[in-house]
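Residues per chain are reported as follows:
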Protein chains: 2
Amino acid sequence: MGAHYEALLAHLKEISNIRNAAALLSYDQETAMPPGGAASRAQQLSTLSKIGHEMFTSGKTSELLNAAAEEVTSEDYDSDAASMVRVVQEDYAEATKLPSDFVADLSRETSLAHATWAKARQDKDFKAFLPALERIIGMMQKQADLIGYEDHPYDALLGQYERGMTTAQVRDIFDAQRPKLVDLISAISEATPVDDSMLKQPFDRDKQRDFALEVVKAYGFDFERGAQAQAVHPFCTSFSVNDVRITTRFNDNWLNPALFGMMHESGHGMYNQGIGQNLEGTPLAEGTSLGVHESQSRMWENIVGRSKGFWSWALPKLQETFPQLNDVSLDDFYKAVNKVERSFIRVEADEATYNLHIILRFELEQDLLTGAIKVADVRDAWNDKFNAFFGMTPPDDALGVLQDVHWSGGLFGYFATYALGNLLSVQYYNEALKAHPSIPDEIANGQFNTLLTWLNQNIHQHGRKYTGDELTRRITGEGIQSDSYIQYLTEKFGGIYGL
Amino acid sequence: MGAHYEALLAHLKEISNIRNAAALLSYDQETAMPPGGAASRAQQLSTLSKIGHEMFTSGKTSELLNAAAEEVTSEDYDSDAASMVRVVQEDYAEATKLPSDFVADLSRETSLAHATWAKARQDKDFKAFLPALERIIGMMQKQADLIGYEDHPYDALLGQYERGMTTAQVRDIFDAQRPKLVDLISAISEATPVDDSMLKQPFDRDKQRDFALEVVKAYGFDFERGAQAQAVHPFCTSFSVNDVRITTRFNDNWLNPALFGMMHESGHGMYNQGIGQNLEGTPLAEGTSLGVHESQSRMWENIVGRSKGFWSWALPKLQETFPQLNDVSLDDFYKAVNKVERSFIRVEADEATYNLHIILRFELEQDLLTGAIKVADVRDAWNDKFNAFFGMTPPDDALGVLQDVHWSGGLFGYFATYALGNLLSVQYYNEALKAHPSIPDEIANGQFNTLLTWLNQNIHQHGRKYTGDELTRRITGEGIQSDSYIQYLTEKFGGIYGL
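Rules of the game
Residues numbered from 1 in each chain as written. Chains lettered and ligands numbered in written order. Predicted model: local features only at pLDDT ≥ 70, side-chain atom pairs only at ≥ 80, totals over all residues. Heavy atoms only, no water. Pairing = 2+ DSSP bridges. Helix = DSSP H or I, 4+ residues; strand = E, 2+ residues; numbered from the N terminus. Axes fitted to C-alpha atoms, helices over the stretch in contact; angles between N-to-C directions. Contact = heavy atoms within 4.5 Å. Domains from an automatic or database assignment. Buried area = accessible area lost by both parts, 1.4 Å probe. Salt bridge = Lys/Arg side-chain N within 4 Å of Asp/Glu carboxyl O. Polar contact = N/O pair within 3.5 Å; in protein donor to acceptor, adjacent residues only side chain to side chain. Nonpolar A, V, L, I, M, F, W, Y, C, P; charged D, E, K, R; others polar. UniProt positions renumbered as here; feature names shortened; annotations may be inferred. Buried < 20%, exposed > 50% of the residue type's maximum accessible area, 1.4 Å probe, protein only. Phe/Tyr/Trp six-rings, centres within 6.5 Å; stacked < 30°, edge-to-face > 60°. Lys NZ or Arg CZ within 6 Å of the ring centre and 35° of its normal. Least-squares fit on C-alpha atoms with pLDDT ≥ 70 in both.

## Structural notes on the sheet that holds strand E1 (residues 226-230) of chain A
Inference 1: If you trace the three strands from one edge of the open sheet to the other, you get E1-E3-E2 (chain A), paired in mixed fashion. Every interior strand has two partners, whereas the edge strands, E1 and strand E2 (236-240) of chain A, have only one. Across this sheet, the average inter-strand angle for adjacent strands is 20°, counted without regard to direction.
Inference 2: As paired elements, E1 of chain A and strand E3 (residues 243-248) of chain A share five bridges and run parallel to each other. From the neighbouring strand, Ala229 of chain A faces E3 of chain A, where its bridge partner is Thr247 of chain A.
Inference 3: Helix H10 (residues 256-274) of chain A contacts E1, E2 and E3 of chain A of the sheet and is inclined by roughly 165° relative to E3 of chain A.
Inference 4: Its contacts with the sheet place helix H2 (residues 38-56) of chain B against E2 and E3 of chain A, and it is angled at close to 75° to E2 of chain A.

What follows is the structure, given as structure tokens:
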């Protein structure tokens, strides 16, 4: 490549170094930092955010981008260089809309709000979180105005996580699936309930960890280039394609959170580890959108990890670890890990009800941004809507409006991507099956390499070269849609519940 | 304070935020990072070092310093503002001697060298580390030249850790104690050996951790403002006076490394936690010199933690944790933890032989800097000198020249401070005793607050306001000297070995 492109790359790598350092500060905050560190950590994150933002939005970036753009005009669309210039030009246009001071303020505010939210959730006290939430939503409204939008302020925020996607598109997709979800859940609720009591008994924490680590190692998560730690709210992050961290929450009396949580995070983690080494240290070395990212975690958690084939391989190993499960049959265990139940907590929701949780937040967030719901009223609005969707009302704020970390982090527009990820997980998996019909049999033998390699080649390696929509059309020949997901749910739960 | 001083402070706090972020990156590298992360971490550290150095050595710092200096002329020498300007002026004069590129190169080189050293030590293969060590010593020579010195290049490097101290002063102090140490060790070697076999048997790792945590909590290390993690080479670091981390190495078959290591690091940790909140987030929120820092760790590890009074309180608790020690008497246990023995590994050396290890490195480092010893020959030079000092030759490089992390980190001039810390620990403790003769009785009752409060008031709270020499003279009325330390050793080991 030409000298201008190389100079651009060196500059972008410095900025990535700062952003990756900031990501480590956030990771440490969630996994290891003592309570006293919160205030100084907020200052440190604020400074790094500000410096990273200033460096990226500087005239230097613009000059290097323009000079490099001329050098790469003859390069293929798919090439590293053309992709880098194209995507970074978009990033630059977006980032220059936000003043550095705003970025620094938002970073500090959200870093501090995290501790406030965590304590409020612990105390089940929405009012304790309200002042911070009001400040953050005020900043979200400002951010939407700064970024700009045609139709709805939510568009501006959604676009940060799903480049090019609009609120109206998401609404159409959600509207198409919602009645079918409601019908399915209704039919299931009239069927004979599944017994999952064997999952809810004491399980030694270290043994839970050992077993889950064994599973994600078999999946292909690489511990030479990754690590696992404990966190209150599980997540995956990376500071390099060769340094990817997954985190886990343990429940001493319930197998699911740690086990399926670790499968989930390893799906994110294998995406990050699968990004091409050619993109390492650059702004393209990330997942291309949160929906595509979530498609990977949900595939490994649900399509693989909650399949009967998987458990035909894994249940005997689990029984070795926990002899208290020795009398459980494969069929009963498979049904138990797929039990459908209206419940309060999104992260613990089954596949059938999960997207309803997302639609609830999607609707509330839009109304919070426009002011149609006042922040002080969002707890009541949540409870009312929850009752309308699920026919029950959260008994306290920890099981309701305070359950998720996202709002404290200023992550508005983010939730929709979880539901999109569910849809994409099935669309992509169906394509993998077309290419390799042997995948289900391999999974039943504890072999996951064919699937992972297909995901590496078709999705992971590209990093952010393509938008989520471009990538989905390259792989499936169509855009995101909910039909495949509904069909998957109908077949799976039809079988389990005899519908 | 005036507007210029406030502007200076805001600028310095931003720089401190970057440096504290870099410290977290290093901490994570030692405690949690997977092997694959080494290369990207080196890049991240290099970028942060460079930015921090550029911001500090910028014209802006100079202008703000000059303007603030005029504002604080009427302030007391001891005031925060006068101290800030005075110390930062010195820092600035020093830092501007080093070009940013040199700082970034050194950061990257040493970050990469760490993994090379760790592997070489594991493989006991000095030659595998040699190329990295040659590059680093070349950079150390360049650094000494850039900083400048009158007498010896070691002066320039030593001054980074002990402001204002010269190689000649250290040599005088070391020369004064060396023959007395040799005499003492010689006398001990002729006495009846101590049996410490009870310390070398299987001890459950989790129980070791729990017991050591109980001890350092009792000491006063604050886990609301600090945390503990595992590391190959134990250390203490902080990212805020309210976020201090100590690390521990465990040996499944030897009680000492984790137990006394945790006492040691908590001594450093309590220094960091004791720095005045008024200095939080500024360049003064650090220990004033490494010697003074080490005086705190050695005091809690040795003077307190290896005293008979301490064990009269702690041994029954240890026996509850490890019933295998039930038959051990206080007298035998006290002797065991104070066993004097010529050994290869500095960090595991007893109080009597420890400083000889330091004198060895002090002499070798001087010769490496001048080129009197070629880097390729330093393994042989180490082994020869070790034999001359201790009468035995390291059987492999892991027990010899590769044992310490410091050279891989470019920390030349650092070792001397360990021995200075030993001397200061006794000088300070003697002053605490004069002020509070009840301290030994309190220790024997598991009460450590009087001692910690005295240290807080006389040492910790001041951060870097005073140099090590200023501080020592304020507290003791004299400078650093070895007589008190030799007297302490002579009395203690005279008692134990019946000399």
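## A word on the domain arrangement of chain A
Residue and element names in this part refer to chain A.
Inference 1: Domain boundaries in chain A define domain 1 (3-132) and domain 2 (167-497).
Inference 2: When each unit is reduced to the centre of its C-alpha atoms, the spacing between domain 1 and domain 2 is 26 Å.
Inference 3: Every contact between the two is made by 32 residues of domain 1 and, on the other side, 38 residues of domain 2.
Inference 4: In this assembly, domain 1 packs against domain 2 so that about 3,000 Å² is buried in total across both faces, 62% of it on carbon and sulfur atoms.
Inference 5: Contact with domain 2 buries area across many residues of domain 1, yet Tyr27, Arg121 and Phe126 alone supply 24% of it, more than any other trio.
Inference 6: The interface formed by domain 1 and domain 2 holds four salt bridges in total.
Inference 7: Salt-bridge contacts for Asp91 lead to Arg464; the nearest nitrogen and oxygen are separated by 2.9 Å.
Inference 8: Scanning the region where domain 1 abuts domain 2 turns up 13 residue pairs in polar contact (both at pLDDT 80 or more).
Inference 9: Elements represented by at least two residues in the side of domain 1 that touches domain 2 include exactly helix H1 (3-31), helix H4 (80-95), helix H5 (100-123) and helix H6 (126-147).
Inference 10: Tallying contributions element by element places H1 first for the side of domain 1 that touches domain 2, with ten residues.
Inference 11: The residue inventory of the side of domain 1 that touches domain 2, partitioned by class, reads 15 nonpolar, seven polar and ten charged.

## A few points about the UniProt feature "active site" (unreviewed entry) in chain A
Residue and element names in this part refer to chain A.
Inference 1: In the numbering used here, UniProt assigns the feature "active site" (unreviewed entry) to Glu265.
Inference 2: Note that Glu265 resides in helix H10.
Inference 3: For Glu265, the residues in contact, after removing those within four places along its chain, are Pro234, Phe235, Cys236, Ile246 and Thr247.

## Regarding the pattern of salt bridges
Inference 1: Going through the model one piece at a time under the given rule, you end up with 64 salt bridges over all chains.
Inference 2: A salt bridge links Asp123 of chain A to Lys119 of chain A, with the shortest nitrogen-to-oxygen separation between them at 2.5 Å. Here the residue Asp123 of chain A and the residue Lys119 of chain A both occupy positions in helix H5, the gap between them amounting to four residues, near one helical turn.
Inference 3: With relative accessibility at 42%, the residue Asp123 of chain A sits in the partly exposed group.
Inference 4: Arg178 of chain B serves as the salt-bridge partner of Glu363 of chain B, at 3.1 Å between the closest nitrogen and oxygen. In this pair, Glu363 of chain B is assigned in helix H14 (residues 351-370) and Arg178 of chain B in helix H8 (residues 167-190), connecting sequence segments 185 residues apart.
Inference 5: Of the residues examined, Arg178 of chain B reaches a relative accessible area of 27% and is grouped as partly exposed.
Inference 6: Connected through salt bridges with shared partners, the residues Asp28 and Arg41 of chain A together with Asp243 and Arg245 of chain B form a single ionic network.

## A closer look at the packing of aromatic side chains
Inference 1: Applying the stated criterion to the full structure yields 52 aromatic pairs over all chains.
Inference 2: Ring geometry for Tyr219 of chain B and Trp300 of chain B: centres 4.6 Å apart, planes at 45°, overall tilted. Separated by 81 residues along the polypeptide, Tyr219 of chain B in helix H9 (residues 205-219) and Trp300 of chain B in helix H11 (residues 290-304) bring together distant segments of the chain.
Inference 3: Three or more aromatic residues joined by ring pairs make a cluster, and in this case those are Tyr219, Phe260, Trp300, Phe310, Trp311, Trp313, Phe333 and Phe448 of chain A.
Inference 4: Sitting above the plane of the Phe56 of chain A ring, Arg19 of chain A keeps its charged end 5.0 Å from the centroid.

## Considering the side chain of Thr467 of chain A
Residue and element names in this part refer to chain A.
Inference 1: With respect to the helices and strands, the residue Thr467 is situated in the loop between helix H18 (449-458) and helix H19 (468-476).
Inference 2: Accessibility expressed as a relative area gives 16% for Thr467, which makes it buried.
Inference 3: Discounting chain neighbours no more than four positions away, the residues touching Thr467 are Arg163 and Thr288.

## Description of the relation of the copies chain A and chain B
Inference 1: Its rotation angle being 180°, the transformation that places chain A on chain B also includes 0.0 Å of axial translation and leaves an RMSD of 0.0 Å. Interpreted geometrically, this transformation is the action of a two-fold axis. When C-alpha positions in chain A are compared against the rotation axis, the closest is assigned to Ala21 of chain A, at 3.7 Å.
Inference 2: With an isologous cut-off of 70% or more, the 100% of interface residues of chain A that recur at the interface of chain B puts this contact in the isologous class.

## Examining the sheet that holds strand E2 (residues 236-240) of chain B
Inference 1: Pairing is mixed across the open sheet formed by three strands, whose spatial order is E1-E3-E2 (chain B). The open sheet has two free edges, formed respectively by strand E1 (226-230) and E2 of chain B, since each of these has just one partner strand. Across the sheet, the axes of successive neighbouring strands diverge by a mean angle of 20°, strand direction being ignored.
Inference 2: Pairing geometry for E2 of chain B and strand E3 (residues 243-248) of chain B, over four bridges, is antiparallel. By the bridge assignment, Thr237 of chain B is partnered in E3 of chain B with Arg245 of chain B.
Inference 3: Of the strands in this sheet, E2 and E3 of chain B are in contact with helix H2 (residues 38-56) of chain A, which crosses E2 of chain B at around 75°.

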